[in-house]
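What the coordinates show
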Amino acid sequence: VLDYLSNLEYDILDVRSPRWHDDFSILRNATKELDANYINVVNTSIGPQLSLEPAISLLNSFSSFAKREAIKRCIEKKAKELKSLFVSNCESIRQTFDDQRRHPPLRVNEPTYAGSSLWARSLSVMVTASWNSLTNADCMRCEVVPSSDEDAQLTKDALLSTLHAFQQQRHEDWTTMVEEFDQNDLEQRLQKPLLERARERANKEPIIGSTIECNFDKIILSIFDEVQYWEKFPERDQFQIPSQALSICCQRESLRLVREKVMVLVRHYNDLLSDLSDEESHLFSDHLRLVEKKINPGFSKLNWSSRPVLLERYAQACTTQILETSGIVKIYHSRQRKILSNCNNIGSFLLIKIDKNESYSDGSFETQQIKHRAEATNIFHVSHTRIKKEMDI
């Protein structure tokens, strides 16, 4: 159209020309078509399936070309839709929070109180980021779009207030729980032995020779986890750590190292027991007795308040003894499998060879059997030699 208008044979400003009104109509229709195409692009790009942040970014780009009234109205309409989308997102987050506040979707390693508070804070950060993107967008600050909607502001403030109150309540609940224990109570919980026997579910009595467990106090472990996660909050002043928890957490790193070594000991010991059947346990009773003698101090004499160096030496010595016994058990199982394989070779070998598709002449059958018995003798001899070799200690 512009090329056509630039090549007119008369002055484009001469409204008295007979062709001026026709050419002006061509320009006006082309402009309306261009407006319609631009509006279609905006409506197609910013559809209901698009999330808030990408939609705001696109609307910013489109608003920079909003010079004509039709396009300005389209941009204004989309801006209002984005505000409505923000309100809808806030209501969805509020519904999710109300549904899950009693049982927050925590990971396996996240503590109850600080984990749920961090979950609420993540929702708060998400809402705040969306609001900042919405209010700081150029398309929301220009003269095309009115100032921020009060409904969106009120919805955002109410949701953030609820999430913050939930975080404060979880911190207060945890603080109340910790303050039930004084410093002596927490130190006393470190007097527990390092290890304990697994207990039967029925009578709760320990089983001698059964699997073992790390006997670290669950309350102190939960305090360590809670403090670690409460320290992740940027708002340290709002979520103070109780003095009892801070005092016991001074030993957190040394106890963590000792606990990891004890857990390695426990895992190797339980693996050793799981590798042995009841009959094999009697066979290796002498070796197991040495292992039991080695780990026995962990059930009585040694506790979590003992010197860390002493505990680490104990755990290392026990682990070494258990691994030595496990190595003997593995050698036994390996040789047992080899002996069983050779026995199967002997047991599955037929002493007579008969070919159903062959007609035997006089003496041929006896000749074939002599060769077959020679082969059998050789196989039996080799298998017997291997079995004797595996049984040699």
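Just above sits the structure.
What this report covers is the structure whose coordinates are included nearby. Just so we're clear, the structure is a prediction, and the values are computed from it rather than from any experiment.

1. Here's the deal with the overall build of the protein
- Counting its regular elements, the protein contains 15 helices and two strands.
- Counting the 393 residues in the protein, one finds 34% classified as buried.
- The contacts in the protein between residues at least 6 apart in sequence include a share of 70% that link residues at least 24 apart.
- Of the roughly 24,900 Å² of accessible surface on the protein, a fraction of 52% belongs to carbon and sulfur atoms.

2. Details of the pattern of salt bridges
- Scanning the model with the defined rule gives 13 salt bridges in all.
- A salt bridge links D217 to K192, with the shortest nitrogen-to-oxygen separation between them at 2.8 Å. Taken together, the residues span a long stretch of sequence, with D217 in the loop between strand 2 (212–214) and helix 9 (218–230) and K192 in the loop between helix 8 (183–189) and strand 1 (195–197) at a distance of 25 residues.
- A residue is classified by how much of its surface remains accessible, and D217, at 2% relative accessible area, is buried.
- Across the pair E366 and R373 runs a salt bridge whose closest N-O atoms are separated by 3.4 Å.
- In this structure R373 comes out as partly exposed when scored by relative accessible area, which is 39%.
- Sharing partners across several salt bridges, the network here consists of R189, K192 and D217.

3. Some remarks on the nonpolar core
- In this structure, L195, L265, I295 and W304 are the most contacted members of the largest nonpolar core, which totals 46 residues.
- Per element, the largest residue contribution to this core is eight residues, and it comes from helix 11 (residues 252–275).
- Once residues within four sequence positions are removed from consideration, L265 is found in contact with L195, I212, I295, Y314, A315, C318, T319 and I322.
- Judged by nonpolar contacts, the second largest core, of 31 residues, contains V42, A66, C74 and A137.

4. Notes on the side chain of H333
- The residue H333 is located in helix 14 (residues 308–348) in this model.
- Of the residues examined, H333 reaches a relative accessible area of 15% and is grouped as buried.
- Apart from residues lying up to four places away in sequence, H333 is in contact with D275 and E280.

What counts and what doesn't
Residues numbered from 1 in each chain as written. Predicted model: local features only at pLDDT ≥ 70, side-chain atom pairs only at ≥ 80, totals over all residues. Heavy atoms only, no water. Helix = DSSP H or I, 4+ residues; strand = E, 2+ residues; numbered from the N terminus. Buried < 20%, exposed > 50% of the residue type's maximum accessible area, 1.4 Å probe, protein only. Contact = heavy atoms within 4.5 Å. Areas by Shrake-Rupley, 256 points an atom, 1.4 Å probe, with all protein chains shown as cover. Salt bridge = Lys/Arg side-chain N within 4 Å of Asp/Glu carboxyl O. Core = buried A, V, L, I, M, F, W, Y, C linked by side-chain atoms within 4.5 Å.

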